[in-house]
Amino acid sequence: MNSKDIPMVPNRKASLPTVYGDTPSFLGVPVLDYRKPAAGYDVMIAGVPWEGTVTWGSFTGCELAPRSIRHASARYGGFLPEYEIDLFDHLTLGDVGDIPVHPNDPAETMRNVHAAMQRIYRNQSIPFVLGGDHSFTPEIIRALADGDEGKIGIIHLDAHLDNAKSFGSDQFARCGPIHRISQIPQVRKESIVHLGIRGPRNSPTQYEYAQSMGARVITTREVRERGMSAVTEEAIRIAHHETRHVFVTICSDCIDAGYNPGGPADFNGLLPSELLPALHQIGASGISGLDYVEVYPGQDPQGYSSHLAAWAMIYALSGMAQRKRDRPGPDR
């Protein structure tokens, strides 16, 4: 089979390696063991099938998303005609499967995520992580910070600020990852950018907290007034200012509910036609990791939100591929 024919080949999905059961690896890339170093991989895909405290009624089931996103990805290859680039011409990817979670022990789950991400970074690879809820993102940032004194910037695409300092007795609540990230010494608070913020699920306390730490909040109103390309350029500039690394964390509800049936009911959001080029732009600027969280497959029988997550990762990866093509040599 000519690799340039992918994905339009017979029996494509059945031919892919599986990470477990009938679940194919993301985009059909080789399956790896994250516990064993594997040289030469630019990016490693990992899943975190974790859901902690539910913060809104019975809105639940995002622990199923790593599987559904991988199944969706089987439909696609790495070529984007609008950018005239095939990410596989420039990047080597592997899929390490899912990180072990403990449903009754959030702290153990977070330790597992941290340890797995440490191994990926020590392998000189960049993690792209499929959630799960948003609570585990700080553990990726901690792993990035381990052994590296360089500062870290954050681009956070979300409807909500997610910087709550507490939520009942849960120290790992999905509504508080940005607060926990901001407490990591290597994270430069002034290089945290919230992009896509909107709507009545945000509290004044959280908005004031973001402002007090010097984070940049870009609402969808500003996106519509200035244009997505301009605000993305600003987000990149702020996140890279006086930092060595930039991490991108994406909650599915940054996208308008009309395009995100497997996400929360948050309207007036970003359109796919805004998010996807922005992620290509961000990937081309140089990033040290990405996660995509809060997809709920149980409410989305056609899997549209899982497909959108796969597209988002492909566009970010294509930006990274463009950067590597145009700037050969070490770049993390």
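These numbers come from a predicted model, not from an experiment. (Residues numbered from 1 in each chain as written. Predicted model: local features only at pLDDT ≥ 70, side-chain atom pairs only at ≥ 80, totals over all residues. Heavy atoms only, no water.)

Draft legend 1. A look at the nonpolar core. F128, L157, V248, L279 and L317 are the most contacted members of the largest nonpolar core, which has 54 residues in total. Here this core takes 11 residues from helix α9 (residues 304–326), the largest share from any one element. Other than its neighbours up to four places away in sequence, V248 contacts I155, L157, L279, I282, I287, G289, L290 and D291. Grouped together as the second largest cluster of nonpolar side chains are 37 residues, Y41, M110, I184 and Y209 included. (Core = buried A, V, L, I, M, F, W, Y, C linked by side-chain atoms within 4.5 Å. Buried < 20%, exposed > 50% of the residue type's maximum accessible area, 1.4 Å probe, protein only. Helix = DSSP H or I, 4+ residues; strand = E, 2+ residues; numbered from the N terminus. Contact = heavy atoms within 4.5 Å.)

Draft legend 2. Up close: the sheet that holds strand β10 (residues 216–219). Taken together, eight strands build an open sheet; the order of strands is β6-β3-β7-β12-β11-β8-β9-β10 and the sheet is parallel. Single-partner strands in this sheet number two, and they are β6 (93–98) and β10. Strand after strand, the sheet turns through a mean of 15° between neighbouring axes, direction not considered. Both strand β7 (residues 126–131) and strand β12 (residues 290–293) contribute to a ladder of three bridges, which runs parallel. Bridged to V129 within β12 is D291. Contacts from helix α3 (residues 137–145) reach β7, β8 (152–157), β9 (187–197), β11 (245–251) and β12, with the element oriented near 170° to β11. (Pairing = 2+ DSSP bridges. Axes fitted to C-alpha atoms, helices over the stretch in contact; angles between N-to-C directions.)

Draft legend 3. Region of interest: α3. Taking burial as the measure, the nine residues of α3 include eight buried ones, the bulk of the element. By the burial criterion, the buried members of α3 are T137, P138, E139, I140, I141, A143, L144 and A145. Just beyond α3, the residue with positive phi is G147, at close to 75°.

Draft legend 4. How the structure looks around the packing of helix α2 (residues 106–122) against α3. The N-to-C vectors of α2 and α3 enclose an angle of 40°; their axes lie 8 Å apart at closest approach. Considered as vectors, α2 and α3 are oriented oblique to each other. The two elements α2 and α3 cross, and the hand of that crossing is right-handed. Judged by residue contacts, M110, V113, H114, M117, Q118 and Y121 of α2 engage E139, I140, R142, A143 and L144 from α3. (Parallel < 35°, antiparallel > 145°, perpendicular 65-115°, else oblique. Left-handed = near helix turned anticlockwise from the far one by under 90°.)

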